[in-house]
Amino acid sequence: YNVTSTNGAGLYLDITSTDPANPVRNISLRAPLGGVPGATFNPAYEKDIASYGVLRMMGWNATNNQTSSAWSQRTTPSTFHWGGYNGVPYEAQIQLSNERRQDLWINVPHLANDDYVRNLAQLVQQRLSSGLRVWVEYSNEVWNGQFPQAAYANNVLRPKYGESTAGEAYGRRSAEIFDIFSGQIANPSTRLVRVIAGQTANSAVLTQSLKGATVSGVLKADVAAVAPYFSINTDELYQQYLQGTVDLNTVFADLHSAVDSTMKLAADNQKIAAANKLPLVSYEGGQHLVARPGEPHNNQGFVGLLTQINRDDRMGSLYTYMLNEWTKLGGKTFTFAGEIYPSGKWGSWGLQESYLDTSAAKYKAVQQWLKGAGTGLMDMN
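Parameters and conventions
Residues numbered from 1 in each chain as written. Predicted model: local features only at pLDDT ≥ 70, side-chain atom pairs only at ≥ 80, totals over all residues. Heavy atoms only, no water. Pairing = 2+ DSSP bridges. Helix = DSSP H or I, 4+ residues; strand = E, 2+ residues; numbered from the N terminus. Axes fitted to C-alpha atoms, helices over the stretch in contact; angles between N-to-C directions. Contact = heavy atoms within 4.5 Å. Core = buried A, V, L, I, M, F, W, Y, C linked by side-chain atoms within 4.5 Å. Buried < 20%, exposed > 50% of the residue type's maximum accessible area, 1.4 Å probe, protein only. Parallel < 35°, antiparallel > 145°, perpendicular 65-115°, else oblique. Left-handed = near helix turned anticlockwise from the far one by under 90°. Nonpolar A, V, L, I, M, F, W, Y, C, P; charged D, E, K, R; others polar.

A.B. asks: Quick question: what am I supposed to make of the sheet that holds strand β2 (residues 103–108) here?
C.D. replies: Backbone hydrogen bonds hold the strands of a sheet together, and the pairing may be parallel or antiparallel. Read across the open sheet, the six strands follow the order β1-β2-β3-β4-β7-β9; overall the sheet is parallel. Strands at the two margins of the open sheet, each flanked by one partner only, are β1 (54–56) and β9 (280–282). Here the average twist between neighbouring strands, direction ignored, is 30 degrees. As defined by bridge partners, β2 adjoins strand β3 (residues 134–138) across five bridges and the pair is classed as parallel. The residue bridging Ile106 from the neighbouring strand is Val136, located in β3. Its contacts with the sheet put helix α9 (residues 248–275) on β7 (223–226) and β9, and the angle it makes with β9 is roughly 135 degrees.

A.B. asks: Please clarify how the nonpolar core should be interpreted in this entry.
C.D. replies: By size, the foremost hydrophobic cluster in this structure holds 100 residues, and its most contacted members are Phe181, Leu255 and Ile309. Counting residues per element, this core draws most heavily on α9, which supplies ten residues. Ignoring any residue separated from it by four or fewer positions in sequence, one finds Phe181 in contact with Val108, Val117, Leu120, Ala121, Val136 and Leu192.

A.B. asks: It is not clear to me how the environment of Pro293 should be interpreted in this structure. Could you clarify?
C.D. replies: Following the sequence through the fold, Pro293 ends up in the loop between β10 (286–287) and α10 (295–298). C-alpha of Pro293 to C-alpha of Lys345: the two residues are 52 residues apart in sequence and 8.8 Å apart in space.

A.B. asks: Looking at this structure, how should I read the pairing of strand β4 (residues 192–197)?
C.D. replies: Consecutive residues of a regular strand have side chains that alternate between opposite faces of the sheet. Extensive coverage of β4 is indicated by the burial of six of its six residues. Burial along β4 is two-sided: the residues Leu192, Arg194 and Ile196 and Val193, Val195 and Ala197 are all buried. Pairing geometry for β3 and β4, over four bridges, is parallel. Bridge pairing links Val134 to Leu192 in β4. Pairing geometry for β4 and β7, over three bridges, is parallel. What sits directly across from Ile196, in β7, is Ala224.

A.B. asks: For this particular structure, what's the right way to read the packing of helix α3 (residues 114–127) against helix α5 (residues 166–184)?
C.D. replies: Packed helices, taken two at a time, are described by their axes: the angle between them and the distance between them. As a packed pair, α3 and α5 sit with axes 9 Å apart at the nearest point and diverge in direction by 40 degrees. Comparing the axis directions of α3 and α5 gives the class oblique. Considering only the axes of α3 and α5, their crossing is right-handed. Residues Asp114, Val117, Arg118, Leu120, Ala121, Gln122 and Gln125 of α3 touch α5, and the partners they reach there are Arg173, Ile177, Ile180, Phe181 and Gln184. Looking at the contact of α3 with α5 residue by residue, the classes come out as six nonpolar, three polar and three charged.

Next up, the structure:
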């Protein structure tokens with residue numbers, strides 16, 4: 001079927017009639033993928049992500065809105081739709097890591113029970129290729145009040161463990177998950193990376209989380225992680241836009257200063273990580289230019305300006321500068337907020353706006369940086 005529709009909602013297949021005694025089943029609706037028969041992933045997309053070294057699957061795990069607690073509730077390869085509230089099957093995530101020979105970073109759902117975690121660890125042990133590591137993180141930004149996992153940590157985990165802060169409770173549950181993985185993964189000292197995350201702008205969160213992950217005097221973590229985002233005051237920028245006084249040279253000078261400010265905050269977390277004999281890595285990071293919800297958010301012209309700034313070659317230069325400053329302070333593995341994300345009023349999180357967007361300023365800058373620096377410079381080991 002040749003799809004000619006340009007509807008951004010995508011393509012839907014409806015079954016309007018079937019025989020109950022012999023129902024329509026085993027349906028597969030696939031793109032040609034460049035003529036590769038039976039391929040799971042688009043070869044052009046796989047080429048885009050070939051250089052990174054580790055793939056954090058936070059989005060593919062549908063982490064922030066995850067409702068699954070039992071292993072039977074997860075998305076499987078036979079589930080009719082890969083995505084939505086349960087995310088992409090772990091089997092597909094592992095397959096992509098294997099095909100690209102890159103580490104797998106999994107975000108365990110915040111409601112997942114021990115049986116769920118155990119089965120997940122067993123699946124990784126069975127399927128992840130030798131020589132690849134699994135990075136394990138409990139949920140995502142459990143400190144962030146806009147996500148349900150934050151309320152869960154404070155209202156359920158904190159009283160359960162008798163901890164004084166939600167951060168400590170998050171660390172304690174993380175340690176339990178790490179122990180389960182350690183019991184299922186062969187050679188966990190070399191194949192398992194246990195991630196404890198903090199908040200860049202508030203280093204006390206990392207301190208609390210590491211304290212909670214310390215059980216009987218033993219810290220059960222291999223890396224500390226923060227999200228070094230940089231931005232400027234988009235409310236002020238919006239007023240300049242309305243007045244017609246936006247000067248992009250000034251905008252990029254301010255963004256350069258914002259990188260410096262973010263790195264100072266990251267350095268505070270680096271000291272805490274070093275004191276605990278851990279490397280500091282980035283679980284997300286990059287620019288954070290988003291219009292405030294309301295009038296700016298719905299002003300297409302202003303959103304277009306933010307998109308223009310993200311597409312500018314000077315943004316690519318800022319990413320190069322950011323990576324250089326990150327390594328100067330001792331930062332290791334840096335994962336970005338997203339590989340592919342269409343620019344719009346919800347932000348411009350991706351290095352690319354589509355898998356065909358190989359000339360994107362941020363993408364080119366990161367690829368060139370990796371070629372120049374070598375991935376070994378940033379590996380957490």
